[in-house]
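Inside the fold
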Amino acid sequence: MNAILTIAGKEFRDGLRNRWVLAIALVLAFLAVGIAWFGAAASGGLGFTSLATTLVSLATLAVFLIPLIALLLAYDAVVGEQEAGTLLLLLTYPISRTQLLLGKFLGHGLILGAATALGFGVAGGVIAVGAEGVPLGELAAGMGLLIGSSILLGWVFIAFAYLISVWVTEKARAAGLALVVWFLFVLVFDLGLLALLVSVKQGGDWLPWLLLLNPIECFRLINLAGFEAARDYSGLTSIAEGGAFRPAVVTTILVAWVLVPLGLALLRFRRRAA
Amino acid sequence: MTAVIDFQGVTRRDGDLVRLDALDLEVSEGEVLALLGHNGAGKTTTMHLILGLLSPSEGRVAVLGGAPDGAHAETLRRRLGYLPENVSFYAQLSGREVLDYFARLKRVDRGQVDELLDRVGLGHAARRRVKTYSKGMRQRLGLAQALLGDPRLLLLDEPTTGLDPAATRDFYDTVRGLRERGCTVLLSSHVLPGVEPYIDRALILGGGRRLALGSLDDLRQLAALPLTVRARGRSAEADLTHWDDPRIAATAVNGHEVALSVPPDAKLAVLRRLTGTAGVEDIELLPPTLEHLYTHFSAGLSPEQRGDAQ
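Under an unreviewed UniProt entry, the name given to chain B is ABC transporter ATP-binding protein, and the source organism is Halomonas rhizosphaerae.

As annotated in an unreviewed UniProt entry, chain A is ABC transporter permease from Halomonas rhizosphaerae.

Spelled out as structure tokens, the structure:
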């Protein structure tokens, strides 16, 4: 356990040193405040529109940015140390490979968590202070849900990044694969599902279940379906209605989306040659 | 004395590639052993087997009394130090932070960190980030890392690559100090002239096989290479170009100097004649160097064995 904390602490300090935490927080805060402020631009106005629209827009922002940030943050976790030669050294230390990978996950998870909470937190604060007539309770609940689920989504993609990182032997290849993963889950999946939805004429009861095959849709389900006022804007995820898609269930599935790739990465890392 | 490292008929295969072929090796406590060989000769494989990063395909490896790839690994790893060939430490951290990180992972007293940094001459740069370090400083940081926890066994893979001559000497002086404290040192190198004065024995590998093992004297005897005797003087050339012993070859160097290639057993006879020859002013004796020995022992290898097989 001690080794895990040591490794996590070092990763987190690295994150502070090379300004990952600051950069992620700034980007998220900047874009989130921008979205909140120019929310009415589509209808020709300027200024804060409604909490629901803002939260939906922020969730959409998170869908694009959080996976990308998580993949970029963690894709070189193992392969980077391998190229630097420190992995070989660490493997001769009295620590297990499981400890090494879990320590790194904890560290990267903390970096992403801190930065997301900070970035969206600042945006929430700005909305609370700057916008008129916002119900503060609802704002806090909405932002809390957004931050929590964003962090969870980030962890899913950190786990994906590790899976890539233990599989390949070159950093460049890992970076390429990370982008492919982002592209598939964020863009291609939606298009595919939409095409399927249109082409299936009848009896498409099973279609909503496909949403659970993508952690990003799970994230959307939590945020859009979980928040009453956002129902009108839920888009594709509106095909999912009913008991099995309650936020608690979907959250559990999202947690599974963290554990499965992380478990696979651990298995692969323990089995492979040094 | 028990062997710190004990290899018995150790073979390591990767697919069809034989990295190490039936190697027998015993290294006793407090010994400094050099691993010599071309690229792909099996030096790194040998080190990885000792570290437990690889398991032998055949044969038995014991390090400090146990197999390094089994349950013994945990205790073993706290008692050995390793410096990999190419390692670039975390550039964002300071030298002190890097060493502190490794000290925590090795679960050794972190009070050692400052002392070790001073010992390798990095005390003044301890708070600077590693990215500002020169190649030599990084290598010394690597050595400090290997010395954490007072290891009983030290494995150094090409420790002096990229170091200038002064830094190399400092490096080997540290190694010598460690040996005096009873630490066993295994180092691989292809910078041959540098290691000679600091090693007890040398293991010459080629194509995964053991070509020779022994002290420099043993190896010289085994190889029976001629030594070079240089005689200088006014009339040296005229008197010394002819020898009765056909094995002695004389070459005139520059008017007043003769270089003689002399088999070891004829050395004294040659010296007697030289000292008896009027006009000889200076005699220089050059025994075969490690480099000559290395060339001699690896001469039998086929070109592809000698090539850069990875």
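What follows picks up the thread again.
1. Quick look at the packing of helix 3 (residues 95–106) of chain B against helix 5 (residues 135–146) of chain B
Residue and element names in this part refer to chain B. Relative to each other, helix 3 and helix 5 sit at 25°, their axes nearing to 10 Å. It follows from the interaxial angle that helix 3 and helix 5 lie roughly parallel. Considering the relative orientation of helix 3 and helix 5, their crossing is right-handed. Here helix 3 contributes G95, V98, L99, F102 and K106 to the contact with helix 5, which in turn contributes L141, A144, Q145 and A146.

2. Remarks on the sheet that holds strand 6 (residues 153–157) of chain B
Residue and element names in this part refer to chain B. Reading across the sheet, the six strands line up as 5-6-7-3-8-9 and stay open at both edges, with mixed pairing between neighbours. On the outer flanks of this sheet lie strand 5 (80–83) and strand 9 (209–214), each paired with one strand and no other. The sheet shows a mean angle of 15° between the axes of neighbouring strands, direction not considered. Running at roughly 150° to strand 6, helix 1 (residues 43–51) makes contact with strand 3 (32–36), strand 5, strand 6, strand 7 (184–188) and strand 8 (201–206) of the sheet.

3. Quick look at the pattern of salt bridges
Enumeration according to the criterion identifies 26 salt bridges over all chains in this entry. Put simply, B:R60 and B:D6 hold a salt bridge, and the shortest N to O gap is 3.6 Å. Linking B:R60 in strand 4 (residues 58–63) with B:D6 in strand 1 (residues 3–14), this pair joins segments that are 54 residues apart in sequence. Residue classification places B:R60 among the partly exposed residues on the basis of a relative accessible area of 43%. Judged by relative accessible area, B:D6 falls into the buried class, the value being 13%. Two residues, B:R220 and B:D217, come together in a salt bridge whose shortest N-O distance is 3.5 Å. Of this pair, B:R220 and B:D217 both sit in helix 8 (residues 216–223), three residues apart, which is roughly one turn of the helix. A relative accessible area of 55% places B:D217 in the exposed class. Through salt bridges with shared partners, one network takes in A:K10, A:E11, A:D14, A:E81 and A:K104.

4. Some remarks on a nonpolar patch on the surface
Residue and element names in this part refer to chain A. A surface patch of nonpolar side chains, about 440 Å² in accessible area, is lined by W37, F38, L118, V122 and V126. Examining the composition of the nonpolar patch, we find that three residues originate from one element, helix 6 (residues 97–130), more than from any other. Within the secondary structure, V122 sits in helix 6. In this structure V122 comes out as partly exposed when scored by relative accessible area, which is 41%.

5. Re the packing of aromatic side chains
Counted according to the given criterion, the structure contains 13 aromatic pairs over all chains. Centre to centre, the rings of A:F157 and A:F185 are 5.9 Å apart; their planes meet at 85°, and the pair counts as edge-to-face. Taken as a pair, A:F157 in helix 7 (residues 136–167) and A:F185 in helix 8 (residues 171–199) lie far apart in primary sequence, 28 residues in all. Assigned by exposure class, A:F157 and A:F185 land together as buried. Plain terms: the ring middles of B:F171 and B:Y172 are 6.1 Å apart, the flat faces sit at 90° to each other, and that makes the pair edge-to-face. The class of B:Y172 is buried, set by a relative accessible area of 2%. Site record: aromatic cluster; members linked through ring pairs are A:Y93, B:F89, B:Y90, B:Y101 and B:F102. Above the plane of the ring of A:F269 lies A:R97, whose end atom (NZ or CZ) is 5.7 Å from the centre.

6. Some details on helix 4 (residues 112–119) of chain B
Given 3.6 residues per helical turn, the α-helix brings residues three or four places apart onto the same face. Residue and element names in this part refer to chain B. Within helix 4 the residues assigned to the buried category are Q112, V113, L116 and L117. The buried residues of helix 4 occupy an angular sector of 130° when the element is viewed end-on, so they sit on one face. At its buried positions, helix 4 is contacted by helix 3 and helix 5. Residue G121 follows helix 4 closely and has a positive phi angle near 80°.

7. Re the UniProt feature "transmembrane region" (unreviewed entry) in chain A
All names here are of chain A. Sequence positions flagged by UniProt for "transmembrane region" (unreviewed entry) are, in local numbering, residues 20–40, 52–75, 105–131, 143–164, 176–200 and 244–267. For residues 52–75, helix accounts for 96% and strand for 0%, while the C-alpha atoms at its two ends are 34 Å apart. Here residues 143–164 is 100% helix and 0% strand, with 31 Å between the C-alpha atoms at its ends.

8. A short note on the sheet that holds strand 1 of chain B
As a general point, the strands of a sheet are linked pairwise by backbone hydrogen bonds and lie either parallel or antiparallel. Residues and elements named next belong to chain B. Pairing is antiparallel in the open sheet, where three strands are placed in the order 2-1-4. The open sheet has two edge strands with one neighbour each: strand 2 (17–28) and strand 4. Strand after strand, the sheet turns through a mean of 20° between neighbouring axes, direction not considered. Relative to strand 2, strand 1 runs antiparallel, the two being bridged by eight bridges. Its bridge partner being in strand 2, R12 is matched across the sheet by L20.

9. Comments concerning the pairing of strand 9 of chain B
All names here are of chain B. The pairing of strand 8 with strand 9 spans five bridges and is antiparallel. The residue of strand 9 that forms the bridge with I204 is A212. Counting the residues in the hairpin turn of strand 8 and strand 9 gives two residues, including G207, whose phi is positive at 55°.

10. Thoughts on the packing of helix 6 of chain A against helix 11 (residues 247–271) of chain A
Residue and element names in this part refer to chain A. Two numbers describe how helix 6 lies on helix 11: the axes approach to 9 Å, and their chain directions differ by 145°. The hand of the helix 6/helix 11 crossing is right-handed. Contacts between helix 6 and helix 11 involve R97, T98, L100, L101, L102 and F105 from the first element and V258, L262, A265, L266, F269 and R270 from the second.

Cut-off values and rules
Residues numbered from 1 in each chain as written. Chains lettered and ligands numbered in written order. Predicted model: local features only at pLDDT ≥ 70, side-chain atom pairs only at ≥ 80, totals over all residues. Heavy atoms only, no water. Axes fitted to C-alpha atoms, helices over the stretch in contact; angles between N-to-C directions. Helix = DSSP H or I, 4+ residues; strand = E, 2+ residues; numbered from the N terminus. Parallel < 35°, antiparallel > 145°, perpendicular 65-115°, else oblique. Left-handed = near helix turned anticlockwise from the far one by under 90°. Contact = heavy atoms within 4.5 Å. Pairing = 2+ DSSP bridges. Salt bridge = Lys/Arg side-chain N within 4 Å of Asp/Glu carboxyl O. Buried < 20%, exposed > 50% of the residue type's maximum accessible area, 1.4 Å probe, protein only. Patch = residues over 30% accessible without salt bridge, like charges linked within 9 Å, V, L, I, M, F, W, Y side chains within 5 Å. Areas by Shrake-Rupley, 256 points an atom, 1.4 Å probe, with all protein chains shown as cover. Phe/Tyr/Trp six-rings, centres within 6.5 Å; stacked < 30°, edge-to-face > 60°. Lys NZ or Arg CZ within 6 Å of the ring centre and 35° of its normal. Arc of directions from axis to C-beta. UniProt positions renumbered as here; feature names shortened; annotations may be inferred.

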